[in-house]
Amino acid sequence: GSMAAATGYHLVAADLRDVAAVDAALRAEGLDAGKPTLVLAECVLAYLEPAAGDALVAWARGTFADALVVVYDVVKTSAQFARVMMRNFRERGAPLLGAAESLAAVRSRFAGFGAVDARDMNAVYGALVLGHEDEFRRIAALEIFDDPDQFNLIMSHYCFVLAG
């Protein structure tokens, strides 16, 4: 059931590996799947076994009449860096069970939607920041990376997805 609720806003607990439980918990709180819906998954799918992540995406696609799915997640784009990253997460007790092997694999996961755009974060950064001098200066003042190659490598291992 609802852990916390405010007018029109509910926090609902459910195990994302069990889409039937997710569906039941949301419907118990009054989910109207016919209304336009934003599904946001920030570093969620990478922590699920691939089959559970696929089931969650399929559930969202099949449940909502009008949904926009926004995902920020891990993608393994370079073998050496990915091995180190995967080992680091595993050693911290948070293995990345479902990190996508490539952007093509990410796009394939969301292929059942009418439209899909999946990009690594370098492409997103380039589109939203590099072409805008004021935003670039603002971000550069915040950025902790002094090595552009390291920054680009890290950004290439995360992706942003819009599917609807």
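Preceding this section is the structure that the text describes.
My aim in this report is to walk through the structure given alongside it, one point at a time.

Analysis parameters
- Residues numbered from 1 in each chain as written.
- Predicted model: local features only at pLDDT ≥ 70, side-chain atom pairs only at ≥ 80, totals over all residues.
- Heavy atoms only, no water.
- Pairing = 2+ DSSP bridges.
- Helix = DSSP H or I, 4+ residues; strand = E, 2+ residues; numbered from the N terminus.
- Axes fitted to C-alpha atoms, helices over the stretch in contact; angles between N-to-C directions.
- Contact = heavy atoms within 4.5 Å.
- Phe/Tyr/Trp six-rings, centres within 6.5 Å; stacked < 30°, edge-to-face > 60°.
- Buried < 20%, exposed > 50% of the residue type's maximum accessible area, 1.4 Å probe, protein only.
- Lys NZ or Arg CZ within 6 Å of the ring centre and 35° of its normal.
- Salt bridge = Lys/Arg side-chain N within 4 Å of Asp/Glu carboxyl O.
- Core = buried A, V, L, I, M, F, W, Y, C linked by side-chain atoms within 4.5 Å.

**Here we look at the sheet that holds strand β6 (residues 158-163)**
- Here we have four strands laid out as an open sheet, ordered β3-β4-β6-β5, and mixed in their pairing. Only two strands of the sheet have a single neighbouring strand rather than two, namely β3 (37-42) and β5 (116-120). With direction set aside, neighbouring strand axes in the sheet form an average angle of 10 degrees.
- Here six bridges tie β3 to strand β4 (residues 67-74), and the two strands are oriented parallel to one another. Counted as the bridge partner of Val-39 is Val-69 from β4.
- Running over the sheet, helix α5 (residues 121-130) touches β4, β5 and β6 and is turned about 95 degrees from β5.

**Description of the packing of aromatic side chains**
- Counting across every chain of the model gives five aromatic pairs.
- Ring geometry for Tyr-72 against Tyr-158: centres 5.6 Å apart, planes inclined by 10 degrees, an arrangement best described as stacked. Here Tyr-72 is found in strand β4, whereas its partner Tyr-158 is found in strand β6, with 86 residues between them in sequence.
- Taken together, a centroid distance of 5.2 Å and an interplanar angle of 70 degrees make the contact between Tyr-125 and Phe-151 edge-to-face. Here Tyr-125 is found in helix α5, whereas its partner Phe-151 is found in helix α7 (residues 148-155), with 26 residues between them in sequence. Accessibility assignment for this pair places Tyr-125 and Phe-151 in one class, buried.
- Between Arg-61 and the ring centre of Phe-113, over which it is positioned, the NZ or CZ distance is 5.9 Å.

**Details of the pattern of salt bridges**
- What the rule picks out here adds up to nine salt bridges.
- Residues Asp-54 and Arg-109 are paired through a salt bridge, measuring 2.7 Å at the closest nitrogen-oxygen approach. With Asp-54 in helix α2 (residues 50-63) and Arg-109 in helix α4 (residues 103-109), this pair connects stretches of sequence that are 55 residues apart.
- Between Arg-138 and Glu-135 there is a salt bridge whose closest N-O contact spans 2.8 Å. Taken together, the residues span about one helical turn, with Arg-138 and Glu-135 both in helix α6 (residues 133-142) at a distance of three residues.

**Things to note about the nonpolar core**
- Residues Leu-45, Val-69, Val-71, Val-106, Phe-110 and Val-161 are the most contacted members of the largest nonpolar core, which totals 25 residues.
- Excluding its chain neighbours within four sequence positions, the residues that come into contact with Val-161 are Val-69, Val-70, Val-71, Val-106, Phe-110, Val-116, Asp-117 and Ala-118.

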